[in-house]
Amino acid sequence: MHKPALRHTLIASLVAALLAACGQEAPPPPKAEAPKAPEVITVKIGAASPLTGPQAHIGIDIRNGVQLAIDDANAANVEIGGKKVKFEIVAEDDEANPTKATTVAQKLVDAKVAAVVGHFNSGASIPASKIYADAGIPQISPASTNPDYTLKGYKTTFRVVAHDGQQGPVLARFAAKTLGAKTVAVIDDSTAYGQGLADNFEATAKSLGMKVVAREHTTDKDTDFKAILTKIKGRKPDLIMFGGIDPQAGPMVKQMKDLGIKAKYIGGDGMQTPNFIKLAGEAAAEGVMASIPGLPKDQMPGGKAFLEKFKAKFNQEVELFAPMGYDAVMVFIDAMKRAGSTDPAKFLPEVGKTNYQGVIGPIAFDDKGDLKVGPITIYVVKGGKWEPLEIVKPEGDAAPAATAAAGSAPAATAPAAPAAAEAAKK
Amino acid sequence: MEIFTQQLINGLVLGSIYALVALGYTMVYGILGLINFAHGDITMVGALVALTVVQALAAAGVPAPLVLVLAGGCAILVCSLLGLSIERVAYRPLRRAPRLAPLITAIGISILLQYTAALIWGKQYIALPKLLEPAAIDIAGAQLTTLQLAIFVLACGIMALLLWFIKASRMGRAMRATEQNPDVAGLMGVNVDTVIAFTFVVGSAIGAVAGLMVVLYYGIGHYFMGFMLGLKAFTAAVLGGIGNVGGAVLGGLLLGVIESMASGYIGDLTGGVLGSNYRDIFAFLVLVLVLVVKPSGLLGQSGGDRA
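Residues numbered from 1 in each chain as written. Chains lettered and ligands numbered in written order. Predicted model: local features only at pLDDT ≥ 70, side-chain atom pairs only at ≥ 80, totals over all residues. Heavy atoms only, no water.

The next point concerns the side chain of T26(B). All names here are of chain B. Note on placement: T26 falls in helix α1 (residues 2–32). In this structure T26 comes out as buried when scored by relative accessible area, which is 0%. At a separation of 3.5 Å, a polar atom in the side chain of T26 contacts the main-chain amide nitrogen of N244. Beyond its immediate stretch of four places on either side in the chain, T26 contacts A237, G241, I242, G243, N244, V245 and A248. (Helix = DSSP H or I, 4+ residues; strand = E, 2+ residues; numbered from the N terminus. Buried < 20%, exposed > 50% of the residue type's maximum accessible area, 1.4 Å probe, protein only. Polar contact = N/O pair within 3.5 Å; in protein donor to acceptor, adjacent residues only side chain to side chain. Contact = heavy atoms within 4.5 Å.)

Below is the structure:
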C-alpha cells in the first residue's frame, strides 16, 4: 500500500506545482515549489540620471532618493491587487547627454521597467520622453524644469518640480519687487534648461519694466567668462541673472569678483548646491541668490525625517533632488495600489489622478503632467551656506505667500524678511 | 574705453596661457614634424597634480607661497617624466614610420591620458581650496588682479628665457641643428635622441606651469580640461607659424585677445544675431583668413625645410 500512496503524493505535488506555475507568469519559475507562500511579483523601477561627469553629484543624489523609496516600500511589504510586490531599482547613467539619454531610455524599456524616475537634465528628459511614451511607461522627472518637457502631448510624462515657466517669472518678480532691480543682464549656458529659464526670466522681467541691458550666452563646458562679464560690467546692471548649473556659475561668480562687479547675482535651481559655494569660493559666493522649486529641504512636510533617514543610509547630505526622486517612486506605488495592478497600461491613468502627500508636500498633476501646487523658494548664500530667503507661490504675485503646503512656511518667511532686506542692500 | 582696456587685459592673460601651451606644440613640431596631440592632456595632468598638492597642503596649514612652489614643482616633475616616457614609448619607435602613424598614436595617447586621469581624479569638477586672495590693481578703470599680473609676467619670463636658451645655449644650438636636419646634425656629433627627449621634457614642464596657472586662475580642474585648451593652443601655434617659437608666443597672445574681443563685441556687431557663445567661430575665422593669405602662419618661414 505504500507505493500508490507515494505515487499519489507525487502526483499531487506535481499538480500543485504546475498550478502554481500557471497562476503566476511574471516571477521566475523556482518560486513555484512554494505554493503556500503568498505570490511575490517583482516590479522594476527605472532611475535615469547623470551618474558620471560634472553633474554626477546631483544624479547620484536622485538615484539614492529612488533607492531609499524602494527600500522603504519593500520594508513596508506593499501589496498590490492582493499580491505581495518586491520593488527593484534599475539605475542607468545618462551622462547628462541627450543622445545617451535616449539609449538609456530604450535600455530601461527593454528591461521592462514598470515606471521611470528621470531624467535630471531637461535636455535629456525631453528626447527620452518619446521613448517612454511609445512604450506606454509613465515617467516622472524629479528635476527637469524646461516647460517643453510636458508640452509634447504625451500621456506618460509627469514632473514633481515647478517648471521654468513658473520658476523664471518668480525669479523676475522677486528681482523686481524684493530686490528692486531696474536693470538686469541675462546669461545662459545654451542648454534646454539654462536657456529656457533665462528666456522665461527675461520675458517677465521686461513685462515688469526691468531693462535687459545685456543678453549673453556661454556653454555648459566653458570656464572663462571674463569677456562677457567685462561687457556686462560696462552696462552697469543692478542684477546678473544666470540660467545654468554650478560648474559654470561657480567660476563665473569668482571672476565677477575679480573684475570688481558689484551687481547682485541670481540663478535657478541648477546652481543651488554646496558645490557652487566651493567652486566660487566662500567670499565670492556670499550674497548670491538662487531659486529652487519646492520648499526648503528641512521645511518640507516630511523633510526632517527624510534628511535623517537619507544621512543614515548613504552617509551624505541630500544634495538637491533626492526628495523628489523619493516621492516620484511613492507616487508610482500609490497609483499602482489604487489601480490594483503593476501593469503600466492599468496604473498610468491613476498617476494623473494622484493626490499624494509626499516628502515635498502635496503632489497633484494638472492635465499636462505638471505639478499643480509648486512653491518656489529663493535662497541666499550666507556665511558659506545656502539659507532660505523667501518662499513664493508661482501663481501669486511676489508677495511672500504662505503656501498651503507647509504649516511652517509663514514662520519661515518672517525671519527671512530682514535677510531679504540685507541682501537687497548689498 | 575702460571696457576695452579690461577686454585687452582679459585677452592678454588668457593669451599668455595659450602661448605657454602652444610652445609645447611648436617645439615638438619644429624638431620632429609631429603634432603632439597629447600635449593638451599633459597640461591637464599638470593642472590636476598641482590641484591635488594644493588640496593636501592647504588643509595642513602650509603657507601659501610654499604650497605654490611645491605644487608647481610636483606638476613639473610629473609632467616632465610623463613627456619623457611618452616620447620614449610611443613616438621614438615610430620616428621613421609614415607621418600618419605617430599622429594617430598621439591622439591615442591623448585619450589614454584623459581616461587615466578620469580614473584617478574622477569625472567631477575639482575645486581649488581657498589659497590666494589676489588684490586688484586699478588701471584706467579696468581691474587687473595681482594673480593676472603674476601669470602674465611669469609667462612672458618663461617665453623670453626659452627664446634666449634656444638662441644662446649649446643645447639650443643642437636643437636648432636637429630642427634643420636630424641626420646631418647626428653626423656633426649632436645626440639627436637626447635633443628630442630634452625638447619633450622642456615642453611638458612649461605645459605643467600653464596647467598650474589655469588652476589658480579659474579655481577648477577636471579630466577633460586639456582638450579645448590643447586645441586652442594648437590653433595659436598654427596662427603664429608652427615650428616657430616666437610665432607661438605671438599666436597665443593674439588668439587670447581675439577671443576676448569677440566675446565682448560680437553681439553688438551682429546686432544680437550671434552671441558670445560664437566667439570660437570668430577665432577660427581669423585663423582661416591668416592661413589663406600666409599659409605658413604669421612668423613661419615660407617653404620651410620641414614644414
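On the chain B side, the residues contacting the 34 residues of chain A number 27 residues. Summing the contributions of chain A and of chain B, the shared interface buries around 2600 Å²; its carbon and sulfur component is 53%. At the junction of chain A with chain B, the criterion picks out 0 salt bridges. Taken together, chain A and chain B are joined by 5 residue pairs in polar contact (both at pLDDT 80 or more). The leading source of residues in the side of chain A that touches chain B is helix α7 (residues 226–235) of chain A, at 8 residues. Taken together, the residues that form the side of chain A that touches chain B break down as 8 nonpolar, 13 polar and 13 charged. (Buried area = accessible area lost by both parts, 1.4 Å probe. Salt bridge = Lys/Arg side-chain N within 4 Å of Asp/Glu carboxyl O. Nonpolar A, V, L, I, M, F, W, Y, C, P; charged D, E, K, R; others polar.)

To continue, consider the confidence of the model for chain A. All names here are of chain A. Averaged over every residue, the pLDDT of chain A is 83; the share at 70 or more is 83%. Of all secondary-structure elements in chain A, the lowest mean pLDDT belongs to helix α14 (residues 409–425), at 38, while strand β9 (residues 239–243) reaches the highest, 96. In the model, residues 18–34 has pLDDT below 50 throughout and makes 10 contacts with residues more than four positions away in sequence or in other chains. Taken together, the stretch residues 396–426 has pLDDT below 50 and engages in 42 contacts with residues farther than four places along the chain or on a different chain. (pLDDT = per-residue confidence, 0-100.)

A word on the packing of α1(B) against helix α10 (residues 245–269) of chain B. All names here are of chain B. The N-to-C vectors of α1 and α10 enclose an angle of 145°; their axes lie 6 Å apart at closest approach. The two elements α1 and α10 cross, and the hand of that crossing is right-handed. Along the lines of polarity and charge, the residues of the contact of α1 with α10 split into 18 nonpolar, 10 polar and 1 charged. (Axes fitted to C-alpha atoms, helices over the stretch in contact; angles between N-to-C directions. Left-handed = near helix turned anticlockwise from the far one by under 90°.)

All names here are of chain B. Together, K167, R170, R173 and R176 line one region of the surface with positive charge. Element by element, the count of residues in the positive patch is highest for helix α6 (residues 170–180), at 3 residues. With respect to the helices and strands, R170 occurs in helix α6. Residue R170 is classed as exposed on the basis of its relative accessible area of 71%. (Patch = residues over 30% accessible without salt bridge, like charges linked within 9 Å, V, L, I, M, F, W, Y side chains within 5 Å. Areas by Shrake-Rupley, 256 points an atom, 1.4 Å probe, with all protein chains shown as cover. Lys, Arg positive; Asp, Glu negative; His and termini not counted. Charge placed at Lys NZ, Arg CZ, Asp CG, Glu CD.)

This next bit is on the pairing of strand β4 (residues 115–118) of chain A. All names here are of chain A. Along β4, one buried face is formed by A115 and V117 and the opposite face, lined by V116 and G118, is buried too. Strand direction decides the pairing type here: strand β1 (residues 40–49) and β4, joined by 4 bridges, are parallel. Note that in β4 the partner of A47 across the bridge is V117. For the segment spanning β4, helix α4 (residues 122–135) and strand β5 (residues 139–141), crossover handedness is right-handed. (Pairing = 2+ DSSP bridges. Right-handed = clockwise from strand over helix to strand, strands pointing away.)

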